[in-house]
Every structure is written in C-alpha cells, then in structure tokens.
Amino acid sequence: MGHQQLQALFSNLDDLRALVGRKVRYLNDDYEITDLLADEDMLVLSSRSDDVVQDDCYGRAHRMVPKQQRLRFRDPDGKPTAIWDEIIFLDGAL
C-alpha cells in the first residue's frame, strides 16, 4: 500500500475502523486487527495462534488471552509509520 493510499485512509475514520476484523501477518506471525485506538493512533493486533497468561489485578495468573501487539500506525505529523511496511493483509489488499 502506498503512502498516498494510507494518507487517504487516515483522513476517514470510518474507513480506518473498517480494518477491524482483517487478518494480517506481522513479523511472520498471524494476527487479527481487533481494535483501533484512534485517539492514540494505535492498531491492536491479537494473535490467531499464540496465547499468553493474563494476570488479575493482584498479579496472579488468571486466564489465557491472545497475545497482542499495539502498533502506532501514524506519527505525530500524521504520516504513516514503518509498521505498514511489515503488515501483510491475508484476506486481500485494501
């Protein structure tokens, strides 16, 4: 995806939110985009194969949850970050 396409995507929050649910490969691991934190310019990826133990508020092992990655998708100037060079959309291009 070119940087101009990304800039257009960033200008429409609804289009950006449409990424939620997309299957991606990031750094050779399979993930699903599970959330968009627009105020923080972050994409949340959840692993499709790896789980981690989540602690409760007391630090005790509590439950298994998907491994997550939080990735900043644009810099403070509103330009795409390098993560877009590392993400491969598995269910088709944008």
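Residues numbered from 1 in each chain as written. Predicted model: local features only at pLDDT ≥ 70, side-chain atom pairs only at ≥ 80, totals over all residues. Heavy atoms only, no water.

### Describing the pairing of strand 2 (residues 29–37)
Point 1. Sheet topology note: the strand 1 (residues 23–26)/strand 2 ladder contains four bridges and is antiparallel. By the bridge assignment, Arg25 is partnered in strand 2 with Asp30.
Point 2. Taking the residues that link successive antiparallel strands as the turn, the strand 1-strand 2 hairpin has two residues, and the phi of Leu27 there is positive, at about 50°. (Pairing = 2+ DSSP bridges. Helix = DSSP H or I, 4+ residues; strand = E, 2+ residues; numbered from the N terminus.)

### As for the environment of Tyr31
Point 1. Structurally, Tyr31 can be placed in strand 2.
Point 2. Look at Tyr31 and you get buried, because its relative accessible area is 1%.
Point 3. Sequence-wise, Tyr31 and Val44 are 13 residues apart; in three dimensions their C-alpha atoms are separated by 9.5 Å.
Point 4. Aside from chain neighbours lying at most four places away, what touches Tyr31 is Arg22, Lys23, Val24, Tyr26, Leu45, Ser46, Ser47, Arg48, Lys67 and Gln69. (Buried < 20%, exposed > 50% of the residue type's maximum accessible area, 1.4 Å probe, protein only. Contact = heavy atoms within 4.5 Å.)

### Thoughts on unusual backbone geometry
Point 1. A positive phi angle, close to 70°, is found at Asn28, a residue other than glycine.
Point 2. You can see Asn28 is positioned in the loop between strand 1 and strand 2.
Point 3. On the accessibility criterion, Asn28 (70% relative accessible area) is exposed.
Point 4. Of note in this structure, Asp41 is not a glycine but carries a positive phi near 55°.
Point 5. Relative to the elements of secondary structure, Asp41 occurs in the loop between strand 2 and strand 3 (42–55).

### Focus on the confidence of the model for the protein
Point 1. Residues of the protein with pLDDT of at least 70 account for 77%, and the chain-wide mean is 80.
Point 2. Of all secondary-structure elements in the protein, the lowest mean pLDDT belongs to helix 1 (residues 3–11), at 67, while strand 1 reaches the highest, 93. (pLDDT = per-residue confidence, 0-100.)

### As for the pattern of salt bridges
Point 1. Applying the stated criterion across every chain, the model contains four salt bridges.
Point 2. Glu32 is the partner of Lys23 in a salt bridge, and the nearest nitrogen-oxygen pair spans 3.5 Å.
Point 3. Across the pair Asp30 and Arg25 runs a salt bridge, and its minimum N-O distance is 2.9 Å.
Point 4. A residue is classified by how much of its surface remains accessible, and Asp30, at 26% relative accessible area, is partly exposed.
Point 5. Residue class for Arg25 comes out partly exposed when judged on its relative accessible area of 31%. (Salt bridge = Lys/Arg side-chain N within 4 Å of Asp/Glu carboxyl O.)

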